[in-house]
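Per-entry structural report
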Amino acid sequence: KFIPMTRKALLRKILEDCSLVPSEEREHFQEFSAALDKKISTKYHAEISELKALYEPLHPDKDTVSMRSYTSEERRDNEFWLLDKLSSLLNKAHFYELPTEAIHDALKEHDTSYGVLISVDPSQYDVLRVWVIGKEIEPYDFGPWYSKIFTVAYNFVRSTPKIERYKRVVVAIRHKKQQKLLLKVFKDIRCANLEHLLPEGKIRMTQFDQQVLVGMLGIGVASIAIKLITFLADYKFSWIYIATALTGIMALRAWTMYKNKRNSYLVDLSRTLYFKSIANNRASLILIADRAEDEVFKSTVIAYSFL
């Protein structure tokens, strides 16, 4: 299980508890901790070097000259062993991998909080793996004080649903048309918003918005047709102009509302990519290895303190 403390904070807590480390053993415990830290750091430094070597032909941001060319078979071999070692490393860092079925369900077309339908086709990816850690309830941003008063009063009358999110998310993806493997690490991602982390999301109108728009256009077309018929029959109905204008305005309003919803969703998407992206590609390997190193150290120190 993830230990939400730094190494130094954990050591201080253990040393302050005399029931775990008696005063006469404090120096010995500190020496053990220093030796353990050095040993683990050496071990994971070697693992990082191995991961970098495996990722070399798959790195999309590589800016150095390749000294050799890789065949597709070699790339797939590197990809397989990289993901295998990466999964093991993430397991040591107390991440867990989401099942394929859960990922596919999350990417199915669904209504977002912005009133648009979004979906991602998982069949477009040869590699699509997601690891997460730390599921929690997202704190609500009340905004100004008067907004907080209104929200509290609203929640008293009608409770708002709680939104769950993952504290950290690691994504490994490779599109069918690409040979490079993308590795990305995010923070504070809503459980229902995994599509934010993938390219090629499809946005479309909800059925209600479609029905409103089609209905308004239908009324407008019918009004024009009636006007045309009455004009040919030499009858004049001034109300036709009014009906046509109103339906046109309503149809334009429905389309504008959809565009505003779509733009709001895209703004939220850009905020996710800008503010919640922690590391990309090769930097992700270093971050994950560092996290695994911390968790192994903390788990070992806790176990040793109870011996």
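Residues numbered from 1 in each chain as written. Predicted model: local features only at pLDDT ≥ 70, side-chain atom pairs only at ≥ 80, totals over all residues. Heavy atoms only, no water.

The name given to the protein in an unreviewed UniProt entry is Transmembrane protein 143, with Nematostella vectensis as the source organism.

1. Observations regarding unusual backbone geometry
Phi angles above zero are rare outside glycine, and His94 is one such case at about 70°. Along the chain, His94 falls in the loop between helix H3 (72–92) and strand S1 (96–97). Classification of His94 by relative accessible area gives partly exposed; the value is 22%. Here the phi dihedral of Asn281 falls at roughly 55°; this positive angle occurs in a residue that is not glycine. Judged by its relative accessible area of 3%, Asn281 is buried. (Helix = DSSP H or I, 4+ residues; strand = E, 2+ residues; numbered from the N terminus. Buried < 20%, exposed > 50% of the residue type's maximum accessible area, 1.4 Å probe, protein only.)

2. A short note on the pairing of strand S6 (residues 182–190)
With eight bridges connecting them, strand S5 (residues 164–175) and S6 associate as antiparallel partners. Paired with Tyr166 across the strands is Ile189, a residue of S6. The loop that links S5 with its antiparallel partner S6 comprises six residues. (Pairing = 2+ DSSP bridges.)

3. So, the layout of surface pockets
Roughly 170 Å³ of volume is contained in the second largest pocket. Taken together, Ile173, Leu182, Lys184, Phe186, His196, Leu197, Leu198, Pro199, Leu269, Leu273, Ser277 and Asn280 form the lining of the second largest pocket. Residue assignment for the lining of the second largest pocket shows that the elements contributing at least two residues are S6, helix H7 (239–275) and strand S8 (277–280). For the lining of the second largest pocket, the element with the highest residue contribution is S6, accounting for three residues. Split into classes, the residues belonging to the lining of the second largest pocket amount to eight nonpolar, three polar and one charged. (1 Å grid on protein atoms, 1.4 Å probe; cavity = no way out; pocket = protein on both sides within 12 Å on 5 of 7 lines; lining within 4 Å. Points joined across faces, edges and corners; volume = space filled by probe spheres on them. Nonpolar A, V, L, I, M, F, W, Y, C, P; charged D, E, K, R; others polar.)

4. Some points on the nonpolar core
Counting 36 residues, the largest nonpolar core has Leu82 and Leu181 as its most contacted members. Of all the secondary structure elements, the ones that give two or more residues to this core are helix H1 (7–16), helix H2 (26–55), H3, strand S4 (125–137), S5, S6 and helix H8 (282–305). By residue number, the principal contributor to this core is H2, which donates eight residues. Grouped together as the second largest cluster of nonpolar side chains are 19 residues, Ala106, Val130, Val132 and Val169 included. (Core = buried A, V, L, I, M, F, W, Y, C linked by side-chain atoms within 4.5 Å.)

5. Comments concerning H8
Its 24 residues place the ends of H8 35 Å apart at the C-alpha level, agreeing with the 34 Å of an ideal helix rising 1.5 Å per residue. Every buried residue of H8 is listed here: Ser284, Leu285, Ile288, Ala289, Ala292, Glu293, Glu295, Phe297, Lys298, Val301 and Ser305. Where the residues of H8 are buried, they touch H1, H2, H3, S5, S6 and S8. (Expected span 1.5 Å × (residues − 1). Contact = heavy atoms within 4.5 Å.)

6. Some remarks on the packing of aromatic side chains
Scanning the model with the defined rule gives four aromatic pairs in all. Relative to Trp81, the ring of Phe80 lies with its centre 4.9 Å away and its plane at 85°, an arrangement referred to as edge-to-face. A relative accessible area of 53% means that Phe80 is categorised as exposed. Owing to a relative accessible area of 46%, Trp81 belongs among the partly exposed residues under this scheme. (Phe/Tyr/Trp six-rings, centres within 6.5 Å; stacked < 30°, edge-to-face > 60°.)

7. Description of the sheet that holds strand S2 (residues 110–111)
As summarised here, the arrangement of the three strands in space is S2-S3-S7, forming an open sheet in which the pairing is antiparallel. Both edges of this open sheet fall to S2 and strand S7 (202–204), since each of them pairs with a single strand only. Examined bridge by bridge, strand S3 (residues 117–119) and S7 share three bridges and lie antiparallel to one another. Its bridge partner lying in S7, Ser119 is registered against Lys202.

8. Structural notes on the pattern of salt bridges
All chains considered together, the criterion is met by 19 salt bridges. Note that Arg7 is salt-bridged to Asp37, the shortest N-O span being 2.0 Å. Highlighted residues: Arg7 in helix H1 and Asp37 in helix H2, separated in sequence by 30 residues. A salt bridge links Arg7 to Asp294, with the nearest nitrogen and oxygen atoms 2.7 Å apart. One end of the pair, Arg7, is in helix H1; the other, Asp294, is in helix H8, and 287 residues separate them in sequence. A network of salt bridges, in which partner residues are shared, links Arg7, Asp37, Glu293 and Asp294. (Salt bridge = Lys/Arg side-chain N within 4 Å of Asp/Glu carboxyl O.)

9. A look at the environment of Lys92
Note on placement: Lys92 falls in helix H3. For the pair Lys92 and Glu295, spaced 203 residues apart in sequence, the C-alpha to C-alpha distance is 7.0 Å. Leaving out residues up to four positions away in the same chain, Lys92 has contacts with Lys43, Tyr44, Glu47, Ala292, Glu295 and Val296.

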